[in-house]
Amino acid sequence: MVPDRDSLTRNGAILWGEVSPTHSADPPAFKSQLFERGTLIYSDDFDHEFNRERWGAPKKSNQIKDGKLVVTAQFKSREEAMKSLKRDHHLGLVPIVHINRIPEAFVCHLRYKFDTENLTPGRPSFQIGRHMIGLNYVEGGGHRIKLPDGPTFTESESGMKLGEWIDLVIKYKKGEIRIGVNGHSKTYKDDAVTIINEKDKQGPRFSFKGGPNCQLVCDSVRLWNCEE
């Protein structure tokens, strides 16, 4: 079972219930085996206004509702999208959103879910660095990690499923990443471990990408800039 926001993560002993430093004098404590120091640079429980710096310009498809960020498709049909956007590609028919300005070394805690009934090829997915390190669902439960131009690892023990909350903990530096999903954690060391995409002029960033008839719901984010 995924812990709720008032319980402890299994890896970092960080309270999900800690509030944003804009609402409290004491930010969440930093603990990590990979780094000596970490500075909290973004903390959000979606109980205040939309953070444009991290999520980009607000849209009708990106709404804060009842203490959660809910992301849906921008358009319901290809025809509607083409008429509005004046193009025939990147039509906003599935929910896509990014968390921008990710540090070169970081610890991140996220709690999110994709609400949809079916998996489609490559969707829904979460990308650590756009088109770089992929975190995808496995049919029947679990997750799969895909390194850029590198190996793929299937982790069925996490039990990750569509429509259920995902408690995600990421600890990253170039060449090494530790990913914890619902308390199941594993470290991957490989030359292919990088979040840098030279073609992504707005990166590095996290990318959430849903499929047809899908919505993304996120209710907690903590991001630390780290030093060894």
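Here is a short report on the structure shown in this document. (Residues numbered from 1 in each chain as written. Predicted model: local features only at pLDDT ≥ 70, side-chain atom pairs only at ≥ 80, totals over all residues. Heavy atoms only, no water.)

Re the pairing of strand β14 (residues 215–227)
- The buried fraction of β14 amounts to 10 of the 13 residues, a majority that puts the element mostly inside the structure.
- Across seven bridges, the pairing between strand β1 (residues 37–44) and β14 is antiparallel. Bridge pairing in β14 places Y42 opposite L223.
- Sheet topology places strand β3 (residues 68–71) next to β14; three bridges connect them, and they run antiparallel. What sits directly across from V70, in β14, is V217. (Buried < 20%, exposed > 50% of the residue type's maximum accessible area, 1.4 Å probe, protein only. Helix = DSSP H or I, 4+ residues; strand = E, 2+ residues; numbered from the N terminus. Pairing = 2+ DSSP bridges.)

Considerations on unusual backbone geometry
- Omega for the bond connecting R123 with P124 falls within 30 degrees of zero, at -5°, which places this linkage in the cis form.
- With respect to the helices and strands, P124 occurs in the loop between β5 (106–115) and β6 (125–128).
- With an omega of -5°, the peptide bond between G203 and P204 qualifies as cis.
- Along the chain, the position of P204 falls in the loop between β12 (184–189) and β13 (206–209).

Here's the deal with the sheet that holds strand β4 (residues 96–99)
- One open sheet holds the six strands; their spatial order is β4-β13-β6-β7-β8-β9, and the pairing between them is antiparallel. Since the sheet does not close on itself, it has two edges, and those belong to β4 and β9 (152–155), each with one partner. Taken pair by pair, the neighbouring strands of this sheet meet at an average axis angle of 15°, ignoring direction.
- Of the strand pairs in this sheet, strand β7 (residues 133–137) and strand β8 (residues 143–146) are connected by four bridges, and their pairing is antiparallel. By the bridge assignment for β8, G134 is matched with K146. (Axes fitted to C-alpha atoms, helices over the stretch in contact; angles between N-to-C directions.)

Remarks on the layout of surface pockets
- Considered as a void within the structure, the second largest pocket measures approximately 230 Å³ in volume.
- Lining the second largest pocket are 13 residues, with T72, A73, Q74, F75 and K76 positioned closest to its centre.
- Along the lines of polarity and charge, the residues of the lining of the second largest pocket split into seven nonpolar, four polar and two charged. (1 Å grid on protein atoms, 1.4 Å probe; cavity = no way out; pocket = protein on both sides within 12 Å on 5 of 7 lines; lining within 4 Å. Points joined across faces, edges and corners; volume = space filled by probe spheres on them. Nonpolar A, V, L, I, M, F, W, Y, C, P; charged D, E, K, R; others polar.)

Considerations on the pattern of salt bridges
- Within this structure, the stated rule accounts for nine salt bridges.
- Between E53 and R101 there is a salt bridge, with its nearest N and O atoms 2.0 Å apart. Of this pair, E53 sits in helix α1 (residues 52–55) while R101 sits in the loop between β4 and β5; the two residues are 48 residues apart in sequence, bridging distant segments of the chain.
- For D219, the salt bridge is made with R111, and the minimal N-O distance between the two is 2.8 Å. One end of the pair, D219, is in strand β14; the other, R111, is in strand β5, and 108 residues separate them in sequence. Both residues of the pair, D219 and R111, count as buried.
- Within the structure, one salt-bridge network assembled from shared partners comprises E36, R37 and E227. (Salt bridge = Lys/Arg side-chain N within 4 Å of Asp/Glu carboxyl O.)

Some words on the pairing of β3
- Relative to β3, strand β2 (residues 62–65) is paired through four bridges, and the arrangement is antiparallel. Bridge pairing in β3 places K65 opposite K68.
- Here β2 folds back onto β3 in antiparallel fashion, the turn holding two residues, of which D66 has a positive phi close to 50°.

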